[in-house]
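Structural characterization, general
Spelled out from the first residue to the last, the chains are:
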Amino acid sequence: MSDTSCAACPLRAQGGFTRVSDAELAFIEKFRRRESTLGPGEAILREGESSNLLFTLRSGWAFRFRSLPDGRRQILNFLLPGDFIGLQAELSGQVPHGVEALTPVRLCVFPRDELWDLYRGFPGLAYDLTWLSAHEELIVDENLLGVGQRSAMERIAMLLVHLYKRARSVGEGDESGVNFPLNQQHIADALGLSLVHTNKSLRRLRAYGLHELSANRLRILKVEALQRLADYYALPLRARPLI
C-alpha cells in the first residue's frame, strides 16, 4: 500500500481534529519520512532502548506500558488514531516505556533530529505538541486516581466510558458501538486488578445493563449511569491537534 499524502489523510476529515494552515501542512508532509505497518503484538517502541523516531498513529490501537523485571506490566494508557508517540524519550535519550500494537496499525514516521525545525519555524505546531503531551499526562493522572481510589467496578466503568468517548471522537464507531480490541488482561494490567476480579466486575456491570461487550465491540447502554458509577465527569472532548 502506498503512502497517503498528509492533505489526503482520512483522519483530517474527522471532526475530532483541528485544522492546520497550508504552510503547516506542507511542513508536516516534509517532516514525515514514510508510513509503516505493524501487526498486533509488535513493538512500536521497545522499553529501555534508544529511538531516533517519532510516530503518529494513523490507524489502529496501541498501548504504552512499563514493566518489572519479573514480567509484571502496567499499562499506562491506550493510544488511538491521531495520538503522537515518542516524545518522552527526548528527556533521557532512552524510551522509558514500551509501546505495543494492540491491533494492526499504520504509523506515520518522523525523524526525531528534525523536531527542532518544527519548534523554530512553526510555533503553532510546537504548541500542538505541548498540548498533546499535557493531554496524555491528564489521561495518566485520571488512571492513577482510579487505581488509587476507585473500586474495581468504578475503575472499569471509568475505562469503558472514557475509551468509548475517545473512540467516537476519532471515528471508531457510532451510536451502535465502537471498536474495542482490549481483552480482559489488558483491562487488568491498566487498572491494577487481577484477571479474576476483572472478569467478575465486567459481568456485574453487564448484569446491571450498563454495557454490552462482545466480538471486540463495545456498546454503552447507559452512559450517564456508567459515569455516575465511576464518578467520572470529563469535559466534552475538544478537537485535538494532528501532526
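The structure under discussion appears in the preceding block.
All of these numbers come straight from a predicted model, not from anything done at the bench. (Residues numbered from 1 in each chain as written. Predicted model: local features only at pLDDT ≥ 70, side-chain atom pairs only at ≥ 80, totals over all residues. Heavy atoms only, no water.)

One can find Q227 in helix 8 (residues 223-230). Put simply, Q227 and E154 are 73 residues apart on the chain and 8.9 Å apart in space, counted from C-alpha to C-alpha. (Helix = DSSP H or I, 4+ residues; strand = E, 2+ residues; numbered from the N terminus.)

Here we take up the sheet that holds strand 6 (residues 84-85). Strand order in the open sheet formed by four strands is 1-8-3-6, and the pairing between neighbours is antiparallel. If you trace the sheet from one side to the other, it starts and ends with strand 1 (34-38) and strand 6, each paired once. By the bridge criterion, five bridges tie strand 1 to strand 8 (residues 105-111) in an arrangement that is antiparallel. Across the sheet, the residue bridging to T37 is R106, located in strand 8. (Pairing = 2+ DSSP bridges.)

In this structure the tally under the stated criterion is 13 salt bridges. For R64, the salt bridge identified is with E136, shortest N-O distance 2.7 Å. With a gap of 72 residues between them, R64 in strand 4 (residues 62-67) and E136 in helix 4 (residues 123-149) connect regions that are remote in the sequence. Its relative accessible area of 13% is what places E136 among the buried residues. The salt bridge partner of D70 is R72, with a shortest N-O separation of 2.8 Å. (Salt bridge = Lys/Arg side-chain N within 4 Å of Asp/Glu carboxyl O. Buried < 20%, exposed > 50% of the residue type's maximum accessible area, 1.4 Å probe, protein only.)

Here we take up the packing of helix 5 (residues 152-169) against helix 8. The N-to-C vectors of helix 5 and helix 8 enclose an angle of 135 degrees; their axes lie 8 Å apart at closest approach. Viewed along their axes, helix 5 and helix 8 adopt a mutual orientation that is oblique. In the packing of helix 5 onto helix 8, the handedness of the crossing is left-handed. The residues of helix 8 that touch helix 5, namely those facing M153, E154, A157, M158, L160, V161 and K165, are V223, L226, Q227, L229 and A230. (Axes fitted to C-alpha atoms, helices over the stretch in contact; angles between N-to-C directions. Parallel < 35°, antiparallel > 145°, perpendicular 65-115°, else oblique. Left-handed = near helix turned anticlockwise from the far one by under 90°. Contact = heavy atoms within 4.5 Å.)

Another aspect to go through is the sheet that holds strand 11 (residues 211-214). Reading across the sheet, the four strands line up as 9-10-12-11 and stay open at both edges, with antiparallel pairing between neighbours. Strand pairing shows two members of the sheet lacking a second neighbour, strand 9 (173-174) and strand 11, which therefore form its edges.

Relative to each other, helix 4 and helix 5 sit at 160 degrees, their axes nearing to 9 Å. Considering their axes alone, helix 4 and helix 5 lie roughly antiparallel with respect to each other. The handedness of the crossing between helix 4 and helix 5 comes out as right-handed. Contacts from I139, E142, N143, G146, V147 and Q149 of helix 4 reach helix 5 at E154, R155, M158, H162 and R166.

Everything listed is a geometric property; what it means functionally is a separate question.
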